[in-house]
Each structure stands twice: as structure tokens, then as C-alpha cells.
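Fold and geometry: a report
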Amino acid sequence: MISIPYLLSDTVDSLPGIGAGRAKKLEKLGIVTTRDLLLWYPRSYEDRRECCSIRQAPQERSVCVKAMVAAPPRVSRIRKGLELVKVNVVDDADAMELTFFNQSYLRTALVPGEVYLFFGTVERKGSRFFMTNPVFEPERNQRFTRCIMPIYPLTAGISNNLLAGAVRRVLEDCAGQMEDPLPASVLKRWQLAQTVYAVETVHFPPSWEELGVARRRLIFEELFFLFLGLSMLKSSGEHTDGVKCEPFDWHIYADTLPFTLTKAQQRSVEECFHDLCSGRAMNRLIQGDVGSGKTVVGAACAWLMAKNGFQSALMAPTELLAEQHYRTLSPLLAKSGQRVGLLTGSLRAKEKREIYAKLEAGEIDLIVGTHALLSEGVSFRALGLVITDEQHRFGVGQRSALAAKGDEQRRPHVLVMSATPIPRTLALIIYGDLDVSIMDERPPGRQEIQTVLIGEDKRQRLYGFVRKQVQQGHQVYIVCPAVEESEGDGVSGAMDLKAVTAYAGQLQSSVFPDLKVGFVHGKQKSREKEAVMSAFAAGALDVLVATTVVEVGVDVPNATLMVIENAERFGLSQLHQLRGRVGRGSEQSYCVLISNHRSPETRQRLKALCATNDGFVLAEEDLRLRGPGDLFGSRQHGLPPLRMADLAADTRVLYEARDAAQEILQADPGLDLPEHQRLRQRVLSLFEQHRDTFN
Ligand code: ADP
Ligand code: MG
């Protein structure tokens, strides 16, 4: 029978051993066509190249042993659920006994007289040799031994051998059909391998060196297209006309403030003012660690807009934050005679209508609010600037929905403030469509927060320390991961988690009867939450037991101690955010992490937090420990996935790919030249969600 070669566009169900049922399972992994299969890269490899005789096999690692099955396999049933298959095999000089657990089908799969390759660890007891559960295959059809074996990410019902076999088959038939998406000039300039070689090698590498060459090529390609797309997105925004401001010296504004701006704040203000007066729409991210003072930079921008007769809007992710911004921004602008308003969902209808009217009449210069700002009733007399705070909570869509309330011809400027420090490499990618101002300095007079990691055994001493802080007139946060005692997450031990409500009650009644203990969590009504937070901010509570609702932006300078229960439950960035709730005044502040967890990975994470206060350093560490997965995952950014590149490890290729993309775009910013049409098509299909922006 002649078999027709597979095409790169064929669906995988026609492949030998796959069929409709397994195709369905593969679809869950996103594998539909043979091309998808080739792009399903191994997650790791197993070196099965070494081949030894039974006698010479080392005992400390797995190797291949070539041997003949000497007699029919023997099956014995030890007890229910445990069956052993024993097989005797021989090579030129020695015999060896193989044992397989619960694989009784081997009775027929291993044929006496046939020669096989067995991959496993040889054990020696006296003069006898043994191997347990080896991987094996007939020598005459050798595919998965004596090679560097790819190990694929799998799903139930799909074995690694099945996947590897299918990939091998597709490579044999289709490798020649693959076109190289990279122009020959780029391959040459950056010394990159051809695509066919790279794909073949990444699945079945003859050596580690060759794997390295193949990987570099594939990583380069991924990042190259990412940067091409991002640069095009960014430059498409740059041509948008924005509200043009007349310049005013920012010193005039700074002189109205009760403090001197830090160097980083000055630099950021200058960068923003430059954008605001340029005539093009600003698209800027201010990235600064918690407490670096981003709010006042936003205020300065709003000030400049108002001086020019334009309105600004600041959108915060929660009512709590919106109100707090409102409270801090009002005095920051009042000295200049500018009017700040607040719009949140919980205002009464009448209050809302009043705000709407004032916005339309231009009687509010800066409106601070939540999503309520996006409501239909909101329209501005002259919206010139949109500020969003804690941007990881907002999608790009919401940012532009607010901006759309401005003039169509002259788009409002956009300023994004983010308190999540992100490693430079990642910022390049995630915020590729924004210009970035970095605030890497904290206002003077702040002390480093002292952070310690303790176990349960120190709990009583900790309570003593809490009391001491309160006696000195300070306030304390205690953060717990869970909300109600009954809120199990299916994991045993969830009941041990310090549950906010119960824990607060217990602290109040039996540990701190003389102190004022309050609690706040995400399941309370927002009014309730506000009331507790305001009480804490006003100093009416000594100890606040809370969930992570206090994570973002809340500012109580008198709080000097942050206690985090079950600290192992939080990610590094989140812990750092929580810690940032203290150390906001001039007093020495502390962060105590409580955890009894012993896993080395957890200890490393928590120790990293104790070692530094620098959010950027921690972000790098977090990226190294956990990979960029959740940063990427938590945002609906519509960027193509990275299958191969590891942003923490592959920084060198990252910069090379960026340079390569820039070189191409410098000569041809819109990829309009005939020789760039393939590149352009590829970028468009990778950035499907942003297609409108490109056209
Ligand atoms: P974040 O960057 O975390 O949003 P904020 O803007 O809330 O920080 O500022 C934190 C605190 O620091 C606020 O109380 C603010 O008034 C104060 N602050 C900001 N800039 C300065 C400065 N240059 N000198 C002194 N205090 C400042
Ligand atoms: Mg803030």
C-alpha cells in the first residue's frame, strides 16, 4: 500500500495511532493540525544515548542495555491491584531479570528470541543483575531509545511515546514543507539556524549543543515577532493627535506642595509634561514601587491640564482607593484653586446627577472615581487626560473606554500608574505599547522596613511585639489568606488558615481585650469596608485584621507593623505589596511573616523578602522562581504566547531580537515593502486581537 504523505495543514486525527478520540484530547492542548504538533515543543529531555552491556552498566544512572528475551514472561499476582511481570533477558555474557509492576500486557509484548533495547538503571546483587520498569522497544524498530528523548507536556489519554511518534512521523513527511518565517538577511545577520533544522532538532536533538543552537533560533523568532508587533502597535499610537497643552513650569506647582519632589518624581513630571505639550497623545506608564509617590505626579499632570482648560479623570480599581485618592488629591490641587470631584457606584442618584452636571459644565477639573466613570451618563466638557491607578487591574479596553469620552479628533492623554515593579525584560514586553517612567527612589526620611520570618513557636512573642507597637501609639495590620472559617478550598488544612472574622474575634476576646481590633475582608459590603478602613485610618482602631483588600494603595502612615499569617500562601510580589502598607510614615516599620512551611522553594521566596526592600530586585527574583506565567496570564493583553522563550533566562536573545526588529522597522516602519509582506502577515496573525490598530 502506498501511503500518502501528510501535509502541514492536515488534522491530526488522520495520523497513525491518533484517530478521532485522541484528536479530541489533543485539541484540549490546542493541537489540531500537524503544524500545531510541530509547534508543541518538549518541556524537557531525557538523555538515553548511552548504551552498555549488562555487566558494564553503571548502577547510579539509567542507560540502554541491548538484550534478548530468553524465556516467556511470568506474571504473578501479589495481591489485588498489584501484579508483577518478570522476564529474563540475556546479552553475550550475562543474564538479567526485569520486573514490571502492573503491566500484565507485557506478557505478549515481549517476545522470546527478540532483541530489545531496555532503558533503565541496572542493579547488581552479588553476581546477579536486575532492572525495574525499564522503557523498552524492539531493536529493529528503535525510536525512543539510544537518543535524547523529548518529554512533552501531556494530557490524560495521551502518552509521551504516542506524541513523540506522531511528531516524528510529521517531521519525516512535512519538514520540507515548512517555510522560514525569518528573512534570509536576518538569519545571516544574527547567525541563526534554518527553521527546518531548528524544529527537527528541538524535537529530536542529536546532542545538547545542537539543541542549544535550535533553541536560540526558535526563541529569537518568537521574540522577534513579538517586538515587531509591539513596536508597530506603539508607533500606530504615536501618530494620534492629542490635546496640546501650553507649557507651564512645574516648579510653580511644586511650590504649592508641603514637601520637595524626589529626583525620580521630578524626572517623571518632566517626562509627562513633555508629552502633554507635544501635540501627540501621551501613552505613559509610571512604574514605581509602593510608596514612591506616584500620586503627586498624576496630580501635577492634572494641574497642567487644568491650567490649559482641560479636565482630567483618575480611575481606581476600588471605592476605597478612589476615596483615598480623592482625599489626598483634593488638598494637592486646592492650593492652585482647582476642583476635585468623586464619583463612585455607591453615590445616591441625586449626587451622581450633580457630578454629571458639573463635569459637563466644566466645574470639576479632576474627577476621581471607579468604573462608575465609564457609565453612560458621564460626559465631559473637555476631557484631556485619563489616569488609571494600579493598572494591572484594568484591561487595555477599559483604559480606552474612558479615553473615548474625550474629543474624537484630539485624543485624551493616558497616564497609567502601576505599583507592581516588573523586571526590565518583562516591562519591555508587557508594556511594549507604552512609554515608561521609572520611579526608583522613595521620598526621603523613610526607613527600610525590617522583615523577619518566624514560625508558630514565636507567636506569643509576636503578640507582645504587637502590643508594644500599639503602646507606642502605632497601628498594626494582620493579614490572613482566608475569609470565613467555613471557606474551604478543598485542600485539607484550609481550616488551619487564619480566618479573618473568627481570628479577629479571638484576638479581641482573649489576646488583646484592652485594644481595639477591627476586621475587613472582600466579602463585606463596600460601605462596611469603607467604615472600617476609615476608622483605622483615623486611628480609632489599633489592630486591623484583613485579607488582601489592604494590598493595593491604602495609605495609613501611622501603621508600623504588618503581620502576614500563612505567608507561604502569597506570591512574592503580593507579599511585597502588602509590606508596602507600612513604612509610609517616618517611624521604623516592621513586617513579620509567619509560616511553618518547610519546602525549600517557599523558604527561598520568604527569605528573599527579608533580604531586600527593593521591589525591582524582588520582581526579578519572582520571575526567576516562578516564570512570567501569572503576569502574562492575569492580563487580557492579547499578546501571542511564548512557547519557548524564558524571559528570566534568555535575556541575551531578547535584546538581540529586539534590535533585529528595530533594524527592520527603521527601514520600513509599516512593513510595507514587498519583501516584508510575509513578516507583516505573520505579525497580523499573531496579534489577531489588535488587528484594527494596525490597519
Ligand atoms: P504610591 O507610589 O505608592 O502611590 P503615594 O503617591 O501614595 O505612593 O505616596 C506615598 C506617601 O508619600 C503619601 O503620603 C505622599 O503624600 C508621600 N509623598 C509623596 N511624595 C513625597 C515626597 N517627595 N516627599 C515626602 N513625602 C512624599
Ligand atoms: Mg498609589
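Conventions used here
Numbers given for residues are sequential positions, taken from 1 along each chain in its written order. Each chain is given a letter, starting from A, and each ligand a number, starting from 1, according to the order in which they appear as written. Totals for whole chains, interfaces and linings use every residue, but because this is a predicted model, local features are given only for residues with pLDDT of at least 70 and side-chain atom pairs only at 80 or more, for both listing and counting. Hydrogens and waters are ignored; side-chain quantities use all the structure's heavy atoms. Helix and strand definitions here come from DSSP, where helices need a minimum of 4 consecutive H or I residues and strands a minimum of 2 consecutive E residues; each element is numbered from the N-terminal end. Throughout this description, buried means an accessible area under 20% of the type-specific maximum (1.4 Å probe, protein chains only), exposed means over 50%, and partly exposed covers the range between. Positive charges come from Lys and Arg alone, negative charges from Asp and Glu alone, with His and the N- and C-terminal ends not counted. Any Lys or Arg side-chain nitrogen located within 4 Å of an Asp or Glu carboxyl oxygen qualifies as a salt bridge. We define a polar contact as two N or O atoms separated by no more than 3.5 Å, with the added condition that, inside protein, one atom must be a possible hydrogen donor and the other a possible acceptor, whereas residues neighbouring each other in sequence contribute only through side-chain atom pairs. Strand pairing is defined by DSSP finding a minimum of two bridges between the two strands. With its strands directed away from the observer, a crossover is right-handed exactly when the path from the first strand over the helix to the second travels clockwise. Joining through side-chain atoms within 4.5 Å is the link that ties buried Ala, Val, Leu, Ile, Met, Phe, Trp, Tyr and Cys residues into a set, and such a set is a nonpolar core. By the convention used here, residues are in contact when the closest approach between their heavy atoms is within 4.5 Å. The near set for a molecule or strand comprises every residue that places at least one heavy atom within 4 Å of it. For the accessible areas, the method is Shrake-Rupley and the probe is 1.4 Å, while residue cover comes only from the protein chains on display. Here the term charged refers only to Asp, Glu, Lys and Arg, the term nonpolar to Ala, Val, Leu, Ile, Met, Phe, Trp, Tyr, Cys and Pro, and the term polar to all other amino acids, Gly among them. Lines fitted to C-alpha atoms define the axes, with helix axes restricted to the stretch in contact, and inter-axis angles between N-to-C directions lie between 0 and 180 degrees. When two rings of Phe, Tyr or Trp (its six-membered ring) have centres within 6.5 Å they constitute a pair, described as stacked for plane angles under 30 degrees, edge-to-face for angles over 60, and tilted for the intermediate range. Note on geometry: a ring has a charge over it if NZ (lysine) or CZ (arginine) is within 6 Å of the ring centre and within 35 degrees of the ring normal. Throughout, the term roughly parallel applies to angles under 35 degrees, roughly antiparallel to angles over 145, roughly perpendicular to angles from 65 to 115, and oblique to all others. Crossings are sorted by hand: turned counterclockwise from the far helix by less than a right angle, the near helix makes the crossing left-handed, and turned clockwise it makes it right-handed.

Moving on to the side chain of Glu137. Structurally, the position occupied by Glu137 is in strand E10 (residues 135-138). Arg143 provides the closest opposite charge to the buried, unpaired Glu137, separated from it by 4.8 Å. Within the structure, Glu137 has its side chain in polar contact with the backbone nitrogen of Thr145 (distance 2.8 Å).

In this section: the pairing of strand E24 (residues 590-594). For a regular strand, side-chain orientation follows a simple rule: the groups alternate between the two sheet faces. Across the five residues that make up E24, a large majority, four, are buried. Inspection of the sheet shows strand E19 (residues 450-454) paired to E24 by five bridges, in the parallel sense. The partner of Leu453 across the bridge, within E24, is Leu593. After leaving strand E23 (residues 559-564), the chain enters helix H18 (residues 572-579) and then returns to the sheet as E24, a path that is right-handed.

Take the nonpolar core next. Judged by nonpolar contacts, the single largest core of 69 residues is most densely connected at Leu37, Phe220, Leu223, Phe224 and Leu228. Looking at this core, the element that brings in the most residues is helix H7 (residues 208-238), giving 14 residues. If near-sequence neighbours (up to four positions away) are discounted, Phe224 is found in contact with Leu182, Ala657, Ala660, Ala661, Ile664 and Leu679. Counting residues in hydrophobic clusters, the runner-up holds 42 residues, among them Val243, Ala254, Cys301 and Ile387.

Below, the discussion takes up the site of ligand 1. Taken together, 16 residues form the shell around ligand 1, and within it Thr260, Gln265, Gly291, Lys294 and Thr295 come nearest. Within the backbone of Thr260, an N or O atom sits 2.8 Å from a nitrogen atom of ligand 1. Between ligand 1 and the protein, one listed contact pairs an oxygen atom with a side-chain N or O atom of Lys294 at 2.7 Å. If ligand 1 stood free it would expose 560 Å²; the protein chains cover 81% of that surface. Along the lines of polarity and charge, the residues of the shell around ligand 1 split into four nonpolar, seven polar and five charged.

It is worth spelling out the pairing of strand E22 (residues 543-546) at this point. The alternating pattern of E22 places Val543 and Val545 on one face and Leu544 and Ala546 on the opposite face, and all of these are buried. Taken together, the four bridges between strand E20 (residues 475-479) and E22 define a ladder with parallel strand orientation. Directly across from Ile478, in E22, lies its bridge partner Val545. One ladder, built from four bridges, connects strand E21 (residues 517-520) with E22; its direction is parallel. Along E22, the bridge assignment pairs Gly518 with Leu544. The parallel pair E21 and E22, bridged by helix H17 (residues 526-537), forms a crossover whose chirality is right-handed.

Next up on the list: the side chain of His325. You can see His325 is positioned in helix H11 (residues 319-334). Residue His325 is classed as buried on the basis of its relative accessible area, which comes to 7%. Once residues within four sequence positions are removed from consideration, His325 is found in contact with Thr295, Leu314, Ala316, Ser330, Val368 and Asp389.

An order of E19-E24-E23-E20-E22-E21 is seen for the six strands of this open sheet, with the pairing classed as parallel. Two strands bound the open sheet, and with one partner strand each, they are E19 and E21. Each strand of the sheet is rotated relative to its neighbour by a mean of 20°, with strand direction disregarded. Sheet contacts for helix H15 (residues 459-471): E19, E20, E22, E23 and E24; angle to E23, the most-contacted strand, approximately 160°. On the sheet, helix H16 (residues 500-511) packs against E20, E21 and E22 and is oriented at approximately 175° with respect to E21.

Within the secondary structure, Gly583 is located in the loop between H18 and E24. Judged by relative accessible area, Gly583 falls into the buried class, the value being 5%. Sequence separation between Gly583 and Gln450 is 133 residues, and the spatial gap between their C-alpha atoms is 9.4 Å.

A few words now on the packing of aromatic side chains. Two descriptors summarise a pair of aromatic rings, namely the distance from one centre to the other and the angle between the planes of the rings. Applying the stated criterion across every chain yields a total of 14 aromatic pairs. Taken together, a centroid distance of 6.1 Å and an interplanar angle of 15° make the contact between Phe220 and Phe224 stacked. Here Phe224 and Phe220 lie together in helix H7, a separation of four residues that amounts to about one turn. By the burial criterion, Phe220 is buried, and Phe224 matches it. Chaining the aromatic ring pairs together yields one cluster made of Phe100, Tyr116, Phe118 and Phe136. Directly above the aromatic system of Phe130 lies the positively charged group of Lys125, at a separation of 4.8 Å from the ring centroid. Positioned above the aromatic ring of Trp190 is the side chain of Arg189, whose terminal nitrogen or guanidinium carbon lies 4.1 Å from the ring centre.

The subject of this paragraph is the packing of helix H10 (residues 295-307) against H11. For the pair H10 and H11, interaxial distance at closest approach is 10 Å and the crossing angle is 50°. When the interaxial angle is binned, H10 and H11 end up oblique. Seen along the crossing, H10 lies across H11 with a hand that is right-handed. Counted together, Thr295, Val296, Ala299, Ala302 and Trp303 of H10 and His325, Thr328, Leu329, Leu332 and Leu333 of H11 form the full contact between these two elements. Residues of the contact of H10 with H11, tallied by class, amount to seven nonpolar, three polar and no charged.

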